[in-house]
Amino acid sequence: MDQRVIPVRVREGYSVVIGNGLLHESGRLIRDAIGTCRIAIVTDSNVAKLYLSPLNESLTGAGYDVCSYVFSAGEQNKRMHTLADILEFFAGQRLTRKDCVVALGGGVTGDMAGFAAGCYLRGVRYVQVPTTLLAAVDSSVGGKTAVDLTAGKNLAGLFHQPSLVLCDTDCFNTLSPDEFANGAAEAIKTGILDDESLFSLFETDHVNLQINDIVSRCVAFKARVVEQDETETGLRKTLNLGHTVGHAIEKCSGFTLPHGHAVAVGLAAIAQAAEQLGWATEPISARIKSVLVKNGLPVTTEFSPDALANAALSDKKRAGDSITLVVPQKIGDCVLKELPVEQLEQVFRAGLEDER
Ligand code: GLY
């Protein structure tokens, strides 16, 4: 069986296990990693229908006493009121500090269950079981947790590393093509950041056949970054390639455009800007746009560069009068560039206006 284990060597290190059919082995794998305790599964109403039973069965088969909390699916529920309901559920179940939360689902579930685990009784352990490609290659690893506030996405949260990540890639079989593309955007981003051969896989027609390899390479790269900069004081910012434009598009669209689709436009824009402004050391823009389109992702936006620059300048990642951009020099090699905020609109114009 094709099963990979990637270590994440942060303060309290953990493993990311990737493979087919892992949901059915989750009881044994979780017991090996965290021992015996009570388990509270947190999941959403869509994922519960598909995967709650096999997870439950495997956990109870391994001897666990399990309870589960199911919230209504959707980013609109990634809010304080759902977090409060989850915490009340844990308390009602008399979960103790020895017990463990299992987050079963995509990014919304992982972010919220991780946040709840990080603050319940000042911190209990949790296991991430990502069921989307997006959560598998990005949000389930690295310990970022959050909920959205009225003022913006992910504005309340904490760093709380999981004790184990179990990624059963068979779960991707039930993703819609749009949702699969959503995750592909973050994997393509990893290729542009660090690994031209990973990027090249997305130029072929074999993405599905190589999925365990793709997830493993993305996780291994993210683990290396997070090990060096757990709380995003420097290097971890590189993971935001394509995200300055991407977050601005999400904001201008009222968060109706999925994250990966917005990031895809951001990747296309920063590649074009890097080429036009002489920051890239070789032509990259056409190749990046063509791989995004091939994988069902957009490369243009209806929003103007100045509207997007305004939205980006109210982003939480801005530090004073400057903004840090991740700039691709070639495929597989990017650098951090700090720019005065006044220059941002010029960069967005270079990236988004029709090429001259
Ligand atoms: N999604 C970017 C990070 O985890 O830092």
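What you see as residue numbers is a count from 1 along each chain, following the sequence as written. Only residues with pLDDT of at least 70 get local features here, since the model is predicted, and only at 80 or more are side-chain atom pairs given and counted; chain-wide, interface and lining totals rely on the full set of residues. For side-chain calculations, the full set of non-hydrogen atoms in the structure is used, while hydrogens and water are omitted.

## Overview of the overall build of the chain
Right, on to step 1. Starting at the N terminus, helices and strands are each numbered in turn, a helix being any DSSP run of H or I of at least four residues and a strand any DSSP run of E of at least two. Counting its regular elements, the chain contains 13 helices and 11 strands.
Right, on to step 2. Values of the radius of gyration come from C-alpha atoms, whereas the globule rule sets the reference at 2.2 Å times the count of residues to the power 0.38. Its C-alpha atoms give the chain a radius of gyration of 20 Å, near enough to 21 Å, the size a compact globule of 356 residues would have.
Right, on to step 3. The dimensions of the chain, computed from C-alpha atoms along their principal axes, are 65 × 40 × 35 Å.
Right, on to step 4. Counting all 356 residues of the chain, 56% fall into the buried class.
Right, on to step 5. Surface exposure here means Shrake-Rupley accessible area, sampled with a 1.4 Å probe, where a residue is shielded only by the protein chains that are shown. In the form shown here, the chain has an accessible surface area of approximately 14,600 Å², with 48% of it arising from carbon and sulfur atoms.
Right, on to step 6. Charge assignment: positive for Lys and Arg, negative for Asp and Glu; neither His nor the chain ends contribute. By convention, charge coordinates are those of NZ in Lys, CZ in Arg, CG in Asp, or CD in Glu. Where the 33 positive side-chain charges of the chain centre and where its 43 negative ones centre are 6 Å apart. Each residue gets one of three labels from its accessible area relative to the maximum for its type: buried under 20%, exposed over 50%, partly exposed in between, using a 1.4 Å probe on protein chains only.

## Comments concerning the site of the ligand
Right, on to step 1. By nearness alone, every residue bordering the ligand is listed as D138, K144, K222, E232, R236 and L239.
Right, on to step 2. Definition of a polar contact: a pair of N or O atoms within 3.5 Å, with one able to donate and the other able to accept a hydrogen when the atoms are protein atoms, and with sequence-neighbouring residues admitted only if both atoms are side-chain atoms. Within the side chain of D138, one N or O atom sits 3.0 Å away from a nitrogen atom of the ligand.
Right, on to step 3. K222 places a polar side-chain atom, nitrogen or oxygen, 2.6 Å from an oxygen atom of the ligand.
Right, on to step 4. If the ligand stood free it would expose 200 Å²; the protein chains cover 88% of that surface.
Right, on to step 5. Each residue gets one label: Ala, Val, Leu, Ile, Met, Phe, Trp, Tyr, Cys and Pro are nonpolar, Asp, Glu, Lys and Arg are charged, and the others, such as Gly, are polar. Of the residues assigned to the shell around the ligand, the class counts are 1 nonpolar, no polar and 5 charged. We call a residue near a molecule or strand as soon as one heavy atom of that residue lies within 4 Å of the molecule or strand.

## What about the nonpolar core?
Right, on to step 1. Only buried Ala, Val, Leu, Ile, Met, Phe, Trp, Tyr and Cys residues count toward a nonpolar core, and they belong to the same one when joined by side-chain atoms within 4.5 Å. Counting 74 residues, the largest nonpolar core has V16, F172, F202, V215 and L292 as the members making the most contacts within it.
Right, on to step 2. Working rule for contacts: check all heavy atoms of both residues, and any pair within 4.5 Å makes them a contact. Discounting residues that sit within four places of it in the chain, L292 has contacts with I188, A264, L267, A268, L297 and V299.
Right, on to step 3. In this structure, Y51, L55, V66 and V127 belong to the second largest nonpolar core, which totals 26 residues.

## Here's the deal with the state of the cysteines
Right, on to step 1. In this description, the term disulfide denotes a pair of cysteine sulfurs within 2.5 Å. Throughout the structure, instances matching the rule amount to 0 disulfides.
Right, on to step 2. Of the cysteine sulfurs around C119, a residue in no disulfide, the closest is that of C100, at 15 Å.
Right, on to step 3. Under the relative-accessibility criterion, C119 is labelled partly exposed at 32%.
Right, on to step 4. The closest cysteine sulfur to the non-disulfide-bonded C171 is located on C167, 7.7 Å from its own sulfur.

## With respect to helix 4 (residues 107-119)
Right, on to step 1. Here helix 4 contains 13 residues, and its C-alpha end-to-end distance of 18 Å stays within 8% of the 18 Å for a straight helix at 1.5 Å per residue.
Right, on to step 2. Here helix 4 lies mainly inside the structure; 11 of its 13 residues are buried.
Right, on to step 3. For helix 4, the set of buried residues is V108, T109, G110, D111, M112, A113, G114, F115, A116, A117 and G118.
Right, on to step 4. One or two positions beyond helix 4, positive phi appears at L121, with a value near 50°. Under the convention used throughout, the expected extent of a helix is 1.5 Å for every residue step, that is, one less than its residue count.

## Examining the pattern of salt bridges
Right, on to step 1. A pair is scored as a salt bridge if a Lys or Arg side-chain nitrogen falls within 4 Å of a carboxyl oxygen belonging to Asp or Glu. With the rule as written, the count across this model stands at 20 salt bridges.
Right, on to step 2. Here R28 makes a salt bridge to E25, at a shortest N to O gap of 2.4 Å.
Right, on to step 3. Between D194 and R224 there is a salt bridge, with the nearest N and O atoms lying 3.1 Å from each other. With D194 in helix 6 (residues 177-194) and R224 in helix 8 (residues 211-228), this residue pair connects regions lying 30 residues apart in the sequence.
Right, on to step 4. Residue R224 is classed as partly exposed on the basis of its relative accessible area, which comes to 43%.
Right, on to step 5. Connected through salt bridges with shared partners, the residues D2, R4, D195, D213 and R217 form a single ionic network.

## Examining the packing of helix 3 (residues 80-92) against helix 4
Right, on to step 1. Two numbers describe how helix 3 lies on helix 4: the axes approach to 10 Å, and their chain directions differ by 55°. Relative to helix 4, the element helix 3 is oriented oblique. Of the two elements, helix 3 crosses helix 4, and the hand of that crossing is right-handed. Counting all contacts with helix 3, which are made through T82, L83, I86, L87 and F90, the residues of helix 4 involved are M112, F115, A116, A117 and C119. Where helices are involved, their axes are fitted lines through C-alpha atoms of the stretch in contact, as for all axes, and angles between N-to-C directions lie from 0 to 180°. Our angle categories are set so that under 35 degrees counts as roughly parallel, over 145 as roughly antiparallel, 65 to 115 as roughly perpendicular, and the remainder as oblique. Handedness of a crossing is defined here by the sense of rotation of the near helix relative to the far one, left-handed for an anticlockwise turn of less than a right angle and right-handed for a clockwise turn.

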